[in-house]
Amino acid sequence: MNLASTPRFVSLLTRDTLALILAGGRGSRLKHLTMWRAKPAVPFGGKFRIIDFPLSNCINSGIRRVGVLSQYKAHSLIQHIQKGWSFLRGEFGEFVELLPAQQRITSSWYAGTADAVYQNIDIIRGHDPSYVLILAGDHVYKMDYGPMIAHHVDRGADLTVGCIEVPLERARAFGVMTVDDEGRVARFTEKPAHPEPVPGKADVALASMGIYVFNTVFLYEQLIKDADLPDSTRDFGKDILPSVINRYRVMAYPFRDVQSGRQSYWRDVGTVDAYWEANLELIGVTPELNLYDEHWPIWTYQEQLPPAKFVFDDDNRRGMAVDTMVSGGCLISGSTVRHSLLFSNVQVHSHALVQDSVVLPDVDIGRHARVCRAVIDRGCRIPEGMVIGEDPEEDGKRFYTTEHGVTLVIPEMLGQVRHYVR
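Criteria and cut-off values
- Sequence order as written defines residue numbering, which begins from 1 separately in each chain.
- Per-residue local features are limited, in this predicted model, to residues with pLDDT of at least 70; the limit for side-chain atom pairs, both in listing and counting, is 80 or more; totals at the level of whole chains, interfaces and linings are taken over all residues.
- As a rule here, side-chain values come from all non-hydrogen atoms in the structure, and water together with hydrogens is ignored.
- By nonpolar core we mean a set of buried residues, namely Ala, Val, Leu, Ile, Met, Phe, Trp, Tyr and Cys, connected to one another through side-chain atoms within 4.5 Å.
- Each residue gets one of three labels from its accessible area relative to the maximum for its type: buried under 20%, exposed over 50%, partly exposed in between, using a 1.4 Å probe on protein chains only.
- Only DSSP runs of H or I reaching four residues or more are called helices, and only runs of E reaching two or more are called strands; each is numbered from the N terminus.
- Any two residues having at least one pair of non-hydrogen atoms within 4.5 Å are treated as being in contact.
- The pairing criterion for strands is at least two bridges between them, as found by DSSP.
- Any pair of Phe, Tyr and Trp rings, taking the six-membered ring for Trp, is counted once the centres come within 6.5 Å. Such a pair is stacked with planes under 30 degrees apart, edge-to-face with planes over 60 apart, and tilted for the rest.
- A fitted line through C-alpha atoms serves as each axis, taken over the contacting stretch for helices, and the angle formed by two N-to-C directions is quoted from 0 to 180°.
- Each angle is binned into one of four classes, with values under 35 degrees roughly parallel, values over 145 roughly antiparallel, values of 65 to 115 roughly perpendicular, and all other values oblique.
- Crossings are classed by handedness, with left-handed meaning an anticlockwise turn of the near helix from the far one by less than a right angle and right-handed meaning a clockwise turn.
- Note on residue classes: Ala, Val, Leu, Ile, Met, Phe, Trp, Tyr, Cys and Pro are nonpolar, Asp, Glu, Lys and Arg are charged, and everything else, Gly too, is polar.
- Charge counting treats Lys and Arg as positive and Asp and Glu as negative, with His and both chain ends excluded.
- Criterion for a salt bridge: a side-chain nitrogen of Lys or Arg within 4 Å of a carboxyl oxygen of Asp or Glu.
- Residues adjacent in sequence count toward polar contacts only when both atoms are side-chain atoms; beyond that, a polar contact is any pair of N or O atoms within 3.5 Å, and within protein one must be able to donate a hydrogen and the other to accept it.

(A) Fine view of the nonpolar core. Counting residues in each nonpolar core, the largest one holds 51 residues, and the members touching the most others are Phe44, Tyr275, Val375 and Ile376. At the level of elements, helix H9 (272-281), strand S21 (341-342), strand S24 (358-359), strand S27 (374-376) and strand S31 (407-409) are the ones that each hand at least two residues to this core. Tallying contributions element by element places H9 first for this core, with 5 residues. Setting aside chain neighbours within four positions, we find Val375 in contact with Leu33, Val272, Tyr275, Trp276, Val358, Leu360, Val406, Thr407, Leu408 and Val409. Counting 41 residues, the second-largest nonpolar core is a separate cluster that includes Ile51, Val68, Ile81 and Trp85.

Next comes the structure, spelled out in structure tokens:
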């Protein structure tokens, strides 16, 4: 029997693992959506935040010791975790711990992903894990980390890197690796101009997911060594990984479905277009990301809200939603919503039309307004009769429009001042 595949062995490993979620990045490619919040705090999927996905993966995997490293405009992220992730029992050694940049070791803020972990090295030592799981806080996916940690131990690795296959033209945005027949990483290049394809697959490259399993002592050694290098950028992908590949045992772990062997769902929703597309994918009859999966729930904080309500049934004034996800607290009043995703507390007033759009919480869409192919940020008040998403030239004068024709609207673009952002 392969010891690494037994549930008992996996559960022992996950209990001896500390997960660190890197959640301090701005996510500038999301443009105005991250003007007042960090990317991991951006709402996703009708009721969640992006950070809920790696956090839920940890809990569902049996990893109950988690640190969240925050830095950029972290208030909404911190508040969300305090409200939604305080249910673990500290007396059982379970926690989701907030680790904001606080100059514990140096006089600077987090300078890179590796530096963020290095500046909390005393806290890691206090928890005394055998393995440290490093996760990005800004990707959407469902993954059992237990088999990856077991794979790491079974292969005698010092470091294991989670990886996926991506189209070659998109690989320039990732760390790209090549592996030998054993699955050992032979080369790693962060965001290469000319990505190396997978042997036998000329149109795809093997990309890092930003997920790493380290033997803890090995992690300490590499972080301390990197901190002493004056020319380092203090980044796992740019500095740590390339420096250890030739001297230590670095293994790749392909992220695949256990039963089918196919590559599993994973999205980097790092641009407005990708964010809009990933949200609307959820509306499909059988989306790749199943939010209705009782065996792998996505946990989050949710307000106590009344059910969504649809009012009026006149021929020219009917409250209706078709091919749409509608969250609690929404009121569709004599208006039409098609192929859209509405977060909580959205009100769409009479004769308005919302189509192919992602509408974040607490938005009010006025009478006779039309919203198409848009992302509407939290708290927007769309004036009566306003048209969004039908005339790119006109939209470009007031809002942000993407190269694929998606319009992003935030309250400030409407002349509405926000004093507090969630």
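(B) Up close: the sheet that holds strand S26 (residues 370-372). Strand order in the open sheet made by the 5 strands is S17-S20-S23-S26-S29, with parallel pairing throughout. Of all strands in the sheet, those with a lone pairing partner are strand S17 (320-322) and strand S29 (387-388), marking the two edges. Strand direction decides the pairing type here: S17 and strand S20 (residues 336-338), joined by 3 bridges, are parallel. Considered in S20, the bridge of Val322 is made with Arg338.

(C) Here's a closer look at the sheet that holds strand S22 (residues 347-348). Here we have 5 strands laid out as an open sheet, ordered S14-S19-S22-S25-S28, and parallel in their pairing. Each having just a single partner strand, strand S14 (309-311) and strand S28 (381-382) make up the two edges of the open sheet. Summarising the sheet, strand S25 (residues 364-365) and S28 pair through 2 bridges and their orientation is parallel. When the bridges of S28 are listed, Asp364 appears paired with Arg381.

(D) Molecular detail of the pairing of strand S10 (residues 185-190). Relative to S10, strand S9 (residues 175-179) runs antiparallel, the two being bridged by 5 bridges. When the sheet's bridge partners are listed, Met177 is paired in S10 with Phe188. What sits between the antiparallel neighbours S9 and S10 is a turn of 5 residues, in which Gly183 has the positive phi angle 90 degrees.

(E) Structural detail: the packing of aromatic side chains. By the definition in use, this model includes 13 aromatic pairs. Here the aromatic rings of Tyr212 and Phe214 are separated by 6.4 Å at their centres, their planes lie at 70 degrees, and the arrangement is edge-to-face. A relative accessible area of 0% means that Phe214 is categorised as buried. Centre to centre, the rings of Phe214 and Phe218 are 6.2 Å apart; their planes meet at 25 degrees, and the pair counts as stacked.

(F) Inspection of the packing of helix H7 (residues 216-227) against helix H8 (residues 236-244) at higher detail. Where H7 meets H8, the closest approach of the two axes is 11 Å, and the angle between their N-to-C directions is 115 degrees. Judged by the inter-axis angle, H7 sits roughly perpendicular to H8. Here H7 and H8 pass one another in a crossing that is right-handed. Between H7, through Phe218, Leu219, Gln222, Leu223 and Asp226, and H8, the contact on the second element is made entirely by Phe236, Asp239, Ile240 and Val244. Classifying every residue of the contact of H7 with H8 gives 6 nonpolar, 1 polar and 2 charged.

(G) How the structure looks around the side chain of Asp115. For Asp115, the location among the structural elements is in helix H4 (residues 113-118). Buried and unpaired, Asp115 has Arg234 as its nearest opposite-charge partner, separated by 4.9 Å. Other than its neighbours up to four places away in sequence, Asp115 contacts Trp109, Tyr110 and Arg234.

(H) Looking closely at the pattern of salt bridges. This model, assessed by the stated rule, comprises 19 salt bridges. The closest approach of N and O atoms between Arg37 and Asp377, which form a salt bridge, is 3.3 Å. With Arg37 in the loop between strand S1 (17-22) and strand S2 (43-44) and Asp377 in the loop between S27 and S28, this pair connects stretches of sequence that are 340 residues apart. The residues Arg37 and Asp377 share a single accessibility class, namely buried. Between Glu165 and Arg256 there is a salt bridge whose closest N-O contact spans 3.6 Å. Highlighted residues: Glu165 in strand S8 (residues 159-167) and Arg256 in the loop between strand S12 (250-254) and strand S13 (266-267), separated in sequence by 91 residues. We classify Arg256 as partly exposed; its relative accessible area is 35%. A cluster of three or more residues bridged by salt bridges with shared partners is formed by Arg29, Lys39, Asp138 and Asp268.

(I) Representation of the side chain of Ser340 within the structure. Note that Ser340 resides in the loop between S20 and S21. By relative accessible area, which is 0% here, Ser340 ends up buried. A polar atom in the side chain of Ser340 sits 2.8 Å from the backbone oxygen of Arg338. Polar contacts involving the side chain of Ser340 include one to the main-chain amide nitrogen of Asp356, which spans 3.1 Å.

(J) Main features of the environment of Asp115. Judged by relative accessible area, Asp115 falls into the buried class, the value being 6%. Distance from Asp115 to Pro306, taken between C-alpha atoms, is 44 Å for residues 191 residues apart in sequence.

(K) Spotlight on the pairing of strand S11 (residues 204-215). Counted residue by residue, S11 has 11 buried out of 12 residues, so it is predominantly covered. With 8 bridges connecting them, S8 and S11 associate as antiparallel partners. Looking across to S11, one finds that Glu165 is bridged to Leu206. Where S9 meets S11, 2 bridges bridge the pair, whose relative direction is antiparallel. Among the inter-strand pairings, Met177 is bridged to a residue of S11, identified as Leu206.

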